[in-house]
Amino acid sequence: MPAVTASDVLALPRLVEPSPVDAIERPVRSVTTAPSGFEGEGFPVRRAFAGVDMALLDPFIHLDQMGAVEYAPGEPKGTPWHPHRGFETVTYMIDGIIEHQDSNGGGGVITDGDTQWMTAGSGILHIEAPPEHLVVSGGLFHGFQLWVNLPAKDKFLAPAYQDLRGSEVTLLTNPDGGTVIRLIAGDLAGHEGPGATHTPITMIHATLSPGARLRLPWRSDFNALTYVLNGTATFGAESRPAAAGQLVVYGAGNAMTMAADRNQETRSPYVDVLILGGRPIGETVAWYGPFVMNTHAELAQAFDDYQAGRLGSVPATQPTP
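Residues numbered from 1 in each chain as written. Predicted model: local features only at pLDDT ≥ 70, side-chain atom pairs only at ≥ 80, totals over all residues. Heavy atoms only, no water.

Engineer: Would you explain the sheet that holds strand β24 (residues 271-278) in this entry?
Structural biologist: Within a beta sheet, neighbouring strands are joined by backbone hydrogen bonds and run either parallel or antiparallel to one another. Judged by pairing direction, the sheet is antiparallel, and its seven strands sit side by side in the order β1-β22-β19-β24-β17-β14-β13 without closing on themselves. In the strand order of this sheet, the two ends are held by β1 (28-33) and β13 (170-173), each with one partner. Sheet twist, expressed as the mean angle between neighbouring strand axes with direction ignored, is 20°. When strand β17 (residues 201-208) meets β24, the two strands line up antiparallel, connected through eight bridges. Bridged to T207 within β24 is D272. (Pairing = 2+ DSSP bridges. Helix = DSSP H or I, 4+ residues; strand = E, 2+ residues; numbered from the N terminus. Axes fitted to C-alpha atoms, helices over the stretch in contact; angles between N-to-C directions.)

As structure tokens, then:
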């Protein structure tokens, strides 16, 4: 159950659906299944963008679903210290707790429904790990990390953070009240999410009740992606089916549609989806490991700068967030 919800969905602001006259429904281009793997010190992830043409993902680079996993005592794991340059990481915790620290002395704690937006920009070292008490106790861990590319003009911005509390997201519903819409960043039919973005994007976590239909207006200059976190649903005007762990890539248009199946598994009675869209940057991408640049020469320079300590160094005394 997502941490951020509404006690009375019908009291939320209602989203205005696209006009039947002016709407151009986005067709579904593809449905792909995210392979499973491990990240950092060994926590389970699903690589949501695996096998998808990066031209269709632009301005997004990478998306990992972290968990959902119920850790036993002593099992929670994180990542070691590692560098980034040239993009932004967006970490959203649906359930559980994770701590961030960086080589500039920044960071923080994000828990149920919180989002941390880190602009790596010119370069930074950071670490993501569960707090000590969670390692001792174990518990539920579920979230995702999204990488948003920066255009060449912004790749050397000073590193920065936004910590968005779950209570700050913009909560909406659709006309029949069958869906809770958590607008984390961007504009949706005149409603604004709290996240400030260098690259224009929209980011939504929506929960559909069984049988609910969600029809969203969507900027025609944005791409459109939907990743299914749990449940089964159909997408697009052609009602293409997709289930948990699958990514739906939409084609061109200014409206997108999805509908939850009436019958869901008892373990997962609702359909949760992450909905993403952004204005393509349209620049050459040179990506290797933790660096996303425009040329191979810039990649080589990033590795040289990291090895020379110019992206920062691991603190001798690690501060407690």
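So much for the structure itself; the text now carries on.
Engineer: So what exactly am I meant to see when it comes to helix α3 (residues 296-307) here?
Structural biologist: Taking 1.5 Å per residue as the helical rise, α3 with its 12 residues ought to reach 16 Å, and the 17 Å between its terminal C-alpha atoms agrees with that figure. All buried positions along α3 are accounted for by L299, A302 and D305. The arc that holds the buried residues of α3, viewed along the axis, is 125°, so those residues lie on one side. Projecting away from the buried face of α3 at angles above 90 degrees are the exposed residues H296, A297 and Q307. The secondary structure elements touched by the buried residues of α3 are β25 (286-288) and β26 (291-293). A positive backbone phi angle near 80° is found at G309, which sits one or two residues after α3. (Expected span 1.5 Å × (residues − 1). Buried < 20%, exposed > 50% of the residue type's maximum accessible area, 1.4 Å probe, protein only. Arc of directions from axis to C-beta. Contact = heavy atoms within 4.5 Å.)

Engineer: Just to check I follow, could you spell out the environment of P151 for this structure?
Structural biologist: Summarising the element assignment, P151 is placed in the loop between β11 (139-149) and β12 (160-164). Considered as a pair, P151 and T207 are 56 residues apart in the sequence and their alpha carbons are 32 Å apart. If near-sequence neighbours (up to four positions away) are discounted, P151 is found in contact with T199, I281 and E283.

Engineer: What am I meant to see in the side chain of H82 here?
Structural biologist: Inspection of the secondary structure puts H82 in strand β5 (residues 82-84). Of note is the side chain of H82, whose polar atom sits 2.8 Å from the backbone oxygen of P80. At 3.3 Å, the side chain of H82 forms a polar contact with the side chain of H84. Non-local contacts of H82, meaning those with residues more than four positions away in its chain, are made with I124, L125, H126 and E128. (Polar contact = N/O pair within 3.5 Å; in protein donor to acceptor, adjacent residues only side chain to side chain.)

Engineer: Before we go on, may I ask you to explain the pattern of salt bridges in this structure?
Structural biologist: Opposite charge on two side chains makes pairing possible when the charged atoms of those side chains draw close. Enumeration over the complete set of coordinates arrives at eight salt bridges. Linking D305 and R85 is a salt bridge whose minimum nitrogen-to-oxygen distance equals 3.0 Å. One end of the pair, D305, is in helix α3; the other, R85, is in the loop between β5 and β6 (87-95), and 220 residues separate them in sequence. Accessibility classification places D305 together with R85 in one group, the buried group. (Salt bridge = Lys/Arg side-chain N within 4 Å of Asp/Glu carboxyl O.)

Engineer: Can you help me understand the sheet that holds strand β10 (residues 124-129) in this one?
Structural biologist: On the basis of which strands lie adjacent, the open sheet formed by four strands has the order β5-β10-β7-β8 and antiparallel pairing. Looking at the sheet topology across the chains shown, the edges are occupied by β5 and β8 (107-110). Neighbour to neighbour, the strand axes of the sheet diverge by 25° on average, direction disregarded. Bridging between β5 and β10 involves three bridges; their strand directions are antiparallel.

Engineer: I would appreciate a short explanation of the packing of aromatic side chains in the present structure.
Structural biologist: Working definition: an aromatic ring pair is given by the centre-to-centre distance plus the angle between the planes. A complete count under the given rule lists five aromatic pairs for this structure. Every member of this aromatic cluster is reached through a ring pair, and the members are F87, W147 and W287. (Phe/Tyr/Trp six-rings, centres within 6.5 Å; stacked < 30°, edge-to-face > 60°.)

Engineer: Help me out: how do you make sense of unusual backbone geometry in this one?
Structural biologist: Most peptide bonds take the trans configuration, and most residues that are not glycine carry a negative phi. Residue P59 is reached from D58 by a cis peptide bond, and omega for that bond is 20°. Residue placement: P59 occurs in the loop between α1 (54-57) and β4 (60-71). Residues other than glycine seldom take positive phi values, yet A189 does so here, at roughly 50°. Summarising the element assignment, A189 is placed in the loop between β15 (187-188) and β16 (191-192). Although it is not a glycine, S239 sits at a positive phi angle of roughly 55°. Its location among the elements puts S239 in the loop between β20 (232-235) and β21 (240-243). Relative accessible area serves as the criterion here: at 41%, S239 is assigned to the partly exposed category.

Engineer: Where do I start with the side chain of K155 in this structure?
Structural biologist: By the secondary structure assignment, K155 is in the loop between β11 and β12. Among buried charged residues, K155 stands out as having no salt bridge; its nearest opposite-charge side chain is E283, 6.0 Å away. A distance of 3.0 Å separates the side chain of K155 from the backbone oxygen of L150, its partner in a polar contact. Setting aside chain neighbours within four positions, we find K155 in contact with G86, G121, S122, N149, L150, V292, M293 and N294. (Lys, Arg positive; Asp, Glu negative; His and termini not counted.)

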